[in-house]
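Okay, here's what each chain looks like letter by letter:
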Amino acid sequence: MLKVGVIGVGSISEFHIKPYLESEQADLIALCDINQNRLNEKGELYGVTQLYNDYQQLLQNDEIDAVSICTWNNTHAKIAVAALEAGKHVLVEKPLSMTTEEALAIEAAAKKSGKVLQVGFVRRHGDNAKLLKTFIDNDELGEIYYAKASCLRRLGNPGGWFSNISKSGGGPLIDLGVHMIDICWYMMGKPRPVSVSGNTYSKLGNRSHIENLSFYKAADYDPTLNDVEDLTNALIRFENGASLLVDVSFTLQAKKDEVNVKLYGDKGGAEIEPELSLVTEKHNTILNVTPQLDTLKFDVHKAFVNEINHFVACCKDGKETIAPVADGVQVMKMLNAVYESAENGKEVYL
């Protein structure tokens, strides 16, 4: 059994904790959080008795083989490096870090340790994405030369640490855009990014005055605190000539929320969001193809189960992760370049 500890027991942690508890190959034995009340509550809820306020103390526990890092973005790098140096396998929530320099430090620590470092790119593990990847790997779409993705919330700034740039590193780009950019880049075959042009806007704030519409709020939500962007858009060009267009928002004067992920190749096209569909042509006729699955939509709960099971298998069986640290570094380079481009008002070359 793989002995596991989870560091950070906020809202995202339940998507790690529950699959570990359900796994026949893993044993969740420890939790860590700086909030003692929350830590005690989660320990009692999940039946975990080894509770830590300090992640360094958890990492000194030789019984623990692997950790999930579910903390604020600004702590990902230091905890990941410390865990690798302590000889633990690591699954770190997205984004890998806050800066490219931090990402490179994690990559160096992972190589030195020889341990698994898996980045929490959970959308890669969705059943719809895994099926589409099979079609792409079998050349059904041909050369994918263009992708576009949107994750637009009309009202959805979670507040708390999400809206505190010192803890989050940014707003919708680093929280939502990381998923949109990653899943497109992954499906496109992970071409090397060469240039980025981006814009950020801070026009609406968190719109806490809006009534009659509910939205997810972080546990430490404070309507008076918000210093992250409302909206980001970007055009990313790749070495092979392909391009990616992305826009994401926490709040926008939009009619409704919108999530779209579209890929275009010279043999066919595909959509992953809002649900999986394929486009091709046969006998001089365009065909819209609907795969027959239990669900065509992204099932977040199942995707996290798949992600955790994959991580456990990589740790126990030496299987290569589909979300390695090198991918986290490249995505971090793209995210940082978008913010740099927006700040300086010019294209950034990588």
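Residues numbered from 1 in each chain as written. Predicted model: local features only at pLDDT ≥ 70, side-chain atom pairs only at ≥ 80, totals over all residues. Heavy atoms only, no water.

Visitor: Is there a simple way to think about the packing of aromatic side chains in this case?
Guide: Pairs of aromatic rings are described using the distance from one ring centre to the other and the angle between the two planes. Counted according to the given criterion, the structure contains 5 aromatic pairs. Each ring, one from W161 and one from F162, has its centre 4.2 Å from the other, and the planes form 25 degrees; the classification is stacked. Note on accessibility: W161 and F162 belong to one class, buried. Between F215 and Y221 the ring centres are 6.3 Å apart and the planes differ by 70 degrees, which places this aromatic pair in the edge-to-face class. Residue classification places F215 among the buried positions, given a relative accessible area of 19%. Here a set of aromatic residues connected by ring pairs shows up, and it is made of W161, F162 and Y216. Positioned above the aromatic ring of F298, the side-chain terminus of R123 is 4.3 Å from the ring centre. Between the NZ or CZ atom of K167 and the centre of the ring of W72, over which it lies, the distance is 3.9 Å. (Phe/Tyr/Trp six-rings, centres within 6.5 Å; stacked < 30°, edge-to-face > 60°. Buried < 20%, exposed > 50% of the residue type's maximum accessible area, 1.4 Å probe, protein only. Lys NZ or Arg CZ within 6 Å of the ring centre and 35° of its normal.)

Visitor: When you look at the pattern of salt bridges in this model, what are you seeing that I'm missing?
Guide: Two side chains carrying opposite charge are able to pair once their charged atoms lie near each other. Inspection of the entire model under this criterion finds 14 salt bridges. Between D175 and K94 there is a salt bridge, with its nearest N and O atoms 3.0 Å apart. Here the residue D175 occupies a position in helix α8 (residues 172-187), and K94 occupies one in the loop between β5 (89-93) and α5 (100-113), the gap between them amounting to 81 residues. Just as D175 is buried, K94 falls in that class too. E239 is paired through a salt bridge with R192; the nearest N and O atoms lie 3.2 Å apart. Of this pair, E239 sits in the loop between β9 (231-238) and β10 (243-249) while R192 sits in the loop between α8 and β8 (193-201); the two residues are 47 residues apart in sequence, bridging distant segments of the chain. Residue classification places E239 among the exposed residues on the basis of a relative accessible area of 54%. Overlapping salt bridges, with partners in common, bring together R124, D182, K190 and D327 in one network. (Salt bridge = Lys/Arg side-chain N within 4 Å of Asp/Glu carboxyl O. Helix = DSSP H or I, 4+ residues; strand = E, 2+ residues; numbered from the N terminus.)

Visitor: When you look at the sheet that holds strand β11 (residues 258-265) in this model, what are you seeing that I'm missing?
Guide: With respect to topology, 9 strands assemble into an open sheet ordered β14-β13-β12-β11-β7-β10-β9-β8-β15, the strand pairing being mixed. The open sheet terminates on both sides in strands that have one partner only, identified here as β14 (285-289) and β15 (348-349). Pairing between β8 and β9: 8 bridges, direction antiparallel. Paired with S195 across the two strands is R237, which belongs to β9. Sheet contacts for α8: β7 (144-152), β9, β10, β11 and β12 (269-273); angle to β10, the most-contacted strand, approximately 155 degrees. (Pairing = 2+ DSSP bridges. Contact = heavy atoms within 4.5 Å. Axes fitted to C-alpha atoms, helices over the stretch in contact; angles between N-to-C directions.)

Visitor: Got a minute to help me understand the environment of G169 in this structure?
Guide: Structurally, G169 can be placed in the loop between α7 (165-168) and α8. Once the C-alpha coordinates of G169 and N226 are considered, the two residues, 57 residues apart in sequence, prove to be 12 Å apart. Every residue in contact with G169, bar those within four places of it in the chain, is listed here: M98, N164, I174 and Y339.

Visitor: Sorry, what's going on with α5 here?
Guide: Each α-helix winds once per 3.6 residues, and so residues spaced three or four apart point in a common direction. With 14 residues, α5 extends 20 Å between its outermost C-alpha atoms, agreeing within 8% with the 20 Å of an ideal straight helix rising 1.5 Å per residue. Listed in full, the buried residues belonging to α5 are T100, A103, I106, E107, A109 and A110. Note on α5: the residue one or two positions beyond its end, G114, has a positive phi of about 75 degrees. (Expected span 1.5 Å × (residues − 1).)

Visitor: Would you mind showing me how to read the pairing of β5 here?
Guide: If a strand is regular, its side chains alternate between the two faces of the sheet. The buried count for β5 comes to 5 of 5 residues, which makes it a mostly enclosed element. Side chains of β5 alternate between two faces, with H89, L91 and E93 and V90 and V92 buried alike. Bridge count for strand β4 (residues 66-69) against β5 is 4 bridges, and the pairing is parallel. Opposite I69, over in β5, you have V92 as the bridge partner. Read as a crossover between parallel neighbours, the route from β4 over helix α4 (residues 76-85) to β5 is right-handed. Taken together, β5, α5 and strand β6 (residues 117-120) form a β-α-β motif whose crossover is right-handed. (Right-handed = clockwise from strand over helix to strand, strands pointing away.)

Visitor: Please clarify how the packing of helix α6 (residues 127-137) against α8 should be interpreted in this entry.
Guide: Helix packing geometry: the angle between the two helix axes and the distance between the axes. It is the contact of α6 with α8, at a shortest axis distance of 10 Å, that shows an interaxial angle of 30 degrees. In this view, α6 runs roughly parallel relative to α8, as classed from their interaxial angle. Contacts between α6 and α8 involve A129, L132, K133 and I136 from the former and I183, Y186 and M187 from the latter. Residue classes in the contact of α6 with α8 are distributed as 6 nonpolar, no polar and 1 charged. (Parallel < 35°, antiparallel > 145°, perpendicular 65-115°, else oblique. Nonpolar A, V, L, I, M, F, W, Y, C, P; charged D, E, K, R; others polar.)

Visitor: I tried to follow the pairing of β11 on my own but got confused; where do I start?
Guide: Relative to β11, β7 runs antiparallel, the two being bridged by 8 bridges. What sits directly across from C151, in β11, is V259. Here β11 runs beside β12; their pairing, made up of 4 bridges, is antiparallel. If you follow Y264 over to β12, its bridge partner there is G269. Counting the residues in the hairpin turn of β11 and β12 gives 3 residues.

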